[in-house]
Amino acid sequence: MEIREATEADWPAIWPIVEAVVRAGETYTYPRDMDPTFGRTLWMQPPPGVTLVAVDEGGRVLGTAKTGPNHMGPGAHVATASFMVATEARGQGLGRALGEAVIARATADGYRAMQFNAVVEANRSAVRLWQSLGFKIIGTTPEAFDHPREGLVGLHIMHRRL
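Residues numbered from 1 in each chain as written. Predicted model: local features only at pLDDT ≥ 70, side-chain atom pairs only at ≥ 80, totals over all residues. Heavy atoms only, no water.

S.K.: Give me the lowdown on the packing of aromatic side chains, citing residues and values where you can.
M.R.: Per the stated rule, a full pass over the model turns up 8 aromatic pairs. On the numbers, 5.8 Å between centres and 40° between planes, the contact of Trp-11 with Trp-15 is tilted. Placement of the pair is Trp-11 and Trp-15 together in helix H1 (residues 11–24), with a separation of 4 residues, close to one helical turn. Considering the side-chain rings of Trp-130 and Phe-135, the 6.4 Å spacing of their centres and the 70° angle between planes classify their relative orientation as edge-to-face. Comparing Trp-130 with Phe-135, the two get one shared label, buried. Site record: aromatic cluster; members linked through ring pairs are Phe-83, Phe-116, Trp-130 and Phe-135. (Phe/Tyr/Trp six-rings, centres within 6.5 Å; stacked < 30°, edge-to-face > 60°. Helix = DSSP H or I, 4+ residues; strand = E, 2+ residues; numbered from the N terminus. Buried < 20%, exposed > 50% of the residue type's maximum accessible area, 1.4 Å probe, protein only.)

Dropping the structure here:
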């Protein structure tokens, strides 16, 4: 597997991953009926942000991540990131590899910390993964996410110094 910067030519392969995750409605606050145009606007980061893809030996996109400043101006030294892995590629370490790649990229780009603004508390595997990569839950907004199976659950804010 290779992790590299995404190009516009990758979008047709990224969109099915984004679409499946968003339609499931379990992990992102994005509208579940999001279309590809709006999806591209949300996912394909303009500089100073960057979008990454994880591709197999044949060049097939298996996962994607985006990272950039969490806020503008005086808050721009803190990065944020988001991650999505194709259903058929889950459980193979792609999330961890993308997480490590994003942390390395943000560190190299001079960010001082990384903050995830809305990690669904019911997404237990992601919470465990981010904690294993050094993130701490610094707050939870109770009942801020309407999960399709678990009902109203909290959104964690997770943070890590770089």
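S.K.: Account for the nonpolar core, naming residues and giving values.
M.R.: In terms of nonpolar packing, the biggest core is built from 44 residues, with Ile-14, Met-84, Phe-116 and Trp-130 touching the most fellow members. Elements represented by at least two residues in this core include exactly H1, strand S2 (50–55), strand S3 (61–69), strand S4 (78–85), helix H3 (94–108), strand S5 (113–120) and helix H4 (124–132). The element contributing the most residues to this core is H1, with 7 residues. Excluding residues within four positions of it along the chain, Met-84 makes contact with Ile-17, Val-18, Val-21, Val-22, Tyr-28, Tyr-30, Trp-43, Gly-63, Thr-64 and Leu-98. Membership of the second largest hydrophobic core comes to 5 residues, among which are Ala-122, Phe-145, Val-153 and Leu-155. (Core = buried A, V, L, I, M, F, W, Y, C linked by side-chain atoms within 4.5 Å. Contact = heavy atoms within 4.5 Å.)

S.K.: Talk me through the pattern of salt bridges; I want residue IDs and the actual numbers.
M.R.: In the structure shown here, the tally under the stated rule is 9 salt bridges. Notably, a salt bridge pairs Glu-88 with Arg-60, separated by 3.7 Å at the nearest N-O pair. On the criterion of sequence distance, the pair formed by Glu-88 in the loop between S4 and H3 and Arg-60 in the loop between S2 and S3 is long-range, its members being 28 residues apart. Via salt bridges that share partners, Glu-5, Arg-105 and Asp-109 belong to a single interconnected network. (Salt bridge = Lys/Arg side-chain N within 4 Å of Asp/Glu carboxyl O.)

S.K.: Mind laying out the environment of Val-85, listing which residues take part and the relevant values?
M.R.: Note that Val-85 resides in strand S4. We classify Val-85 as buried; its relative accessible area is 13%. Each C-alpha atom of the pair Val-85 and Gly-95 lies 6.8 Å from the other, and the pair is 10 residues apart in sequence. If near-sequence neighbours (up to four positions away) are discounted, Val-85 is found in contact with Ile-17, Val-21, Leu-62, Gly-63, Arg-90, Leu-94, Gly-95 and Leu-98.

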